[in-house]
Amino acid sequence: GAVVSQHPSWVICKSGTSVKIECRSLDFQATTMFWYRQFPKQSLMLMATSNEGSKATYEQGVEKDKFLINHASLTLSTLTVTSAHPEDSSFYICSASTPTGGNEKLFFGSGTQLSVL
Amino acid sequence: SQKIEQNSEALNIQEGKTATLTCNYTNYSPAYLQWYRQDPGRGPVFLLLIRENEKEKRKERLKVTFDTTLKQSLFHITASQPADSATYLCALEENSGNQFYFGTGTSLTVIP
């Protein structure tokens, strides 16, 4: 199946710094990628939908200036958590849908655990 | 408001029995519904997809049903094994858009 690589898998940073998370589709071109956030023992919350070459679509309540998304190519989307604070500590997961079959299934990266001190 | 709810947070069953997980949704019009498995600290892995015009789908020991009248999907694992222990998530894509939304998840533990 399609492979999505997410990096880094774990990052610890000081409050006020910015953190960039990369999501790559390794063996297919992903016109659309999704960014999710997950708190312990909770489900995935969709943060934004990232389309190659255009601005991301953010879900209600997600600050677009806080969570900057860039989808500059068909294989790479990045999420930058700007001026991170402890409440931003969470598990962030990206996913991509395959271009055939009407975007029917998602392939997920392995996730990034962000800890803000 | 829109909701996707899964029957229970945690489900414990004996090895060999059938596990049944429930996914109910409100105020969505999904073109299809999907089930994913998630292990701790990992991203979800796709298991099965069922379309709105399908009643049932099977894959090996897995079976999914979809009732658009009840707005419910059932996910069954037959002859369960300890290796089936994981969190199972249902997800749906709105007919109108290209966005996937996930249920609250059910943590399944299969006891040897």
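Residues numbered from 1 in each chain as written. Chains lettered and ligands numbered in written order. Predicted model: local features only at pLDDT ≥ 70, side-chain atom pairs only at ≥ 80, totals over all residues. Heavy atoms only, no water.

1. Considering the overall build of chain B
Each helix and strand counted, chain B has zero helices and eleven strands in total. Sequence-ordered secondary structure for chain B, helices as α and strands as β, is β-β-β-β-β-β-β-β-β-β-β. A globule of 112 residues ought to have a C-alpha radius of gyration of about 13 Å, and chain B, at 13 Å, matches this closely. Within chain B, the proportion of its 112 residues that are buried is 46%. For chain B, long-range pairs separated by at least 24 residues make up 55% of all intrachain contacts whose partners lie at least 6 apart in sequence. Only carbon and sulfur atoms are counted for the fraction: they give 47% of the accessible area of chain B, which is about 5500 Å². (Helix = DSSP H or I, 4+ residues; strand = E, 2+ residues; numbered from the N terminus. Rg over C-alpha atoms; globule rule 2.2 N^0.38 Å. Buried < 20%, exposed > 50% of the residue type's maximum accessible area, 1.4 Å probe, protein only. Contact = heavy atoms within 4.5 Å. Areas by Shrake-Rupley, 256 points an atom, 1.4 Å probe, with all protein chains shown as cover.)

2. Here we look at the packing of aromatic side chains
Per the counting criterion, the structure on display carries twelve aromatic pairs over all chains. Measuring from ring centre to ring centre gives 5.9 Å for Tyr36 of chain A and Phe108 of chain A, while their planes differ by 45 degrees; the resulting arrangement is tilted. Within this pair, whereas Tyr36 of chain A is found in strand S4 (residues 32-38), its partner Phe108 of chain A is found in strand S10 (residues 106-108), the two being separated by 72 residues in sequence. The class of Phe108 of chain A is buried, set by a relative accessible area of 10%. With centroids separated by 4.8 Å and ring planes inclined at 20 degrees, the aromatic side chains of Trp35 of chain B and Phe75 of chain B adopt a geometry described as stacked. In this pair, Trp35 of chain B sits in strand S4 (residues 30-38) while Phe75 of chain B sits in strand S8 (residues 72-77), placing the two residues 40 residues apart along the sequence. The class of Trp35 of chain B is buried, set by a relative accessible area of 0%. By way of ring pairs, the aromatic residues Tyr36 and Phe108 of chain A together with Tyr36, Phe46 and Phe102 of chain B are connected into one cluster. (Phe/Tyr/Trp six-rings, centres within 6.5 Å; stacked < 30°, edge-to-face > 60°.)

3. Quick word on the interface of chain A and chain B
On the chain B side, the residues contacting the 21 residues of chain A number 20 residues. Summing both partners gives a buried area of about 1600 Å² for chain A against chain B, and 52% of it is carried by carbon and sulfur. Taken together, chain A and chain B are joined by zero salt bridges. On inspection of chain A and its partner chain B, the count reaches four residue pairs in polar contact (both at pLDDT 80 or more). (Buried area = accessible area lost by both parts, 1.4 Å probe. Salt bridge = Lys/Arg side-chain N within 4 Å of Asp/Glu carboxyl O. Polar contact = N/O pair within 3.5 Å; in protein donor to acceptor, adjacent residues only side chain to side chain.)

4. Looking at the confidence of the model for chain B
Mean pLDDT over chain B stands at 90; residues scoring 70 or higher make up 96%. The element-level mean pLDDT for chain B is lowest in strand S10 (residues 100-102) of chain B, coming to 85, with S8 of chain B highest at 96. (pLDDT = per-residue confidence, 0-100.)

5. Examining the pattern of salt bridges
Residues and elements named next belong to chain B. Tallied over the entire structure, the rule returns six salt bridges over all chains. Lys57 is paired through a salt bridge with Glu54; the nearest N and O atoms lie 3.7 Å apart. Overall, Lys57 belongs to the partly exposed group, its relative accessible area being 27%. A residue is classified by how much of its surface remains accessible, and Glu54, at 22% relative accessible area, is partly exposed. Between Arg61 and Asp84 there is a salt bridge, and its shortest N-O distance comes to 2.9 Å. Taken together, the positions of Arg61 in the loop between strand S6 (56-59) and strand S7 (62-67) and Asp84 in the loop between S8 and strand S9 (86-94) put the pair 23 residues apart, joining distant regions of the chain.

6. A short note on the sheet that holds S8 of chain B
All names here are of chain B. Taken in spatial order, the five strands of this open sheet run S1-S3-S8-S7-S6, and their pairing is antiparallel. Of all strands in the sheet, those bounded by a partner on one side alone are strand S1 (3-6) and S6. Ignoring which end each strand starts from, the neighbouring axes of this sheet average 15 degrees apart. Examined bridge by bridge, S1 and strand S3 (residues 19-26) share four bridges and lie antiparallel to one another. Bridging across to S3, Gln6 finds its partner in Cys23. (Pairing = 2+ DSSP bridges. Axes fitted to C-alpha atoms, helices over the stretch in contact; angles between N-to-C directions.)

7. Observations concerning the sheet that holds strand S3 (residues 19-25) of chain A
To summarise the sheet geometry, strands pair through backbone hydrogen bonds and adopt either a parallel or an antiparallel arrangement. Residues and elements named next belong to chain A. Pairing is antiparallel in the open sheet, where four strands are placed in the order S1-S3-S8-S7. On the outer flanks of this sheet lie strand S1 (4-7) and strand S7 (67-73), each paired with one strand and no other. Across the sheet, the axes of successive neighbouring strands diverge by a mean angle of 15 degrees, strand direction being ignored. The sheet contact formed by S3 and strand S8 (residues 76-81) spans six bridges and is antiparallel. Bridging from a neighbouring strand, Glu22 pairs with Thr78 of S8.

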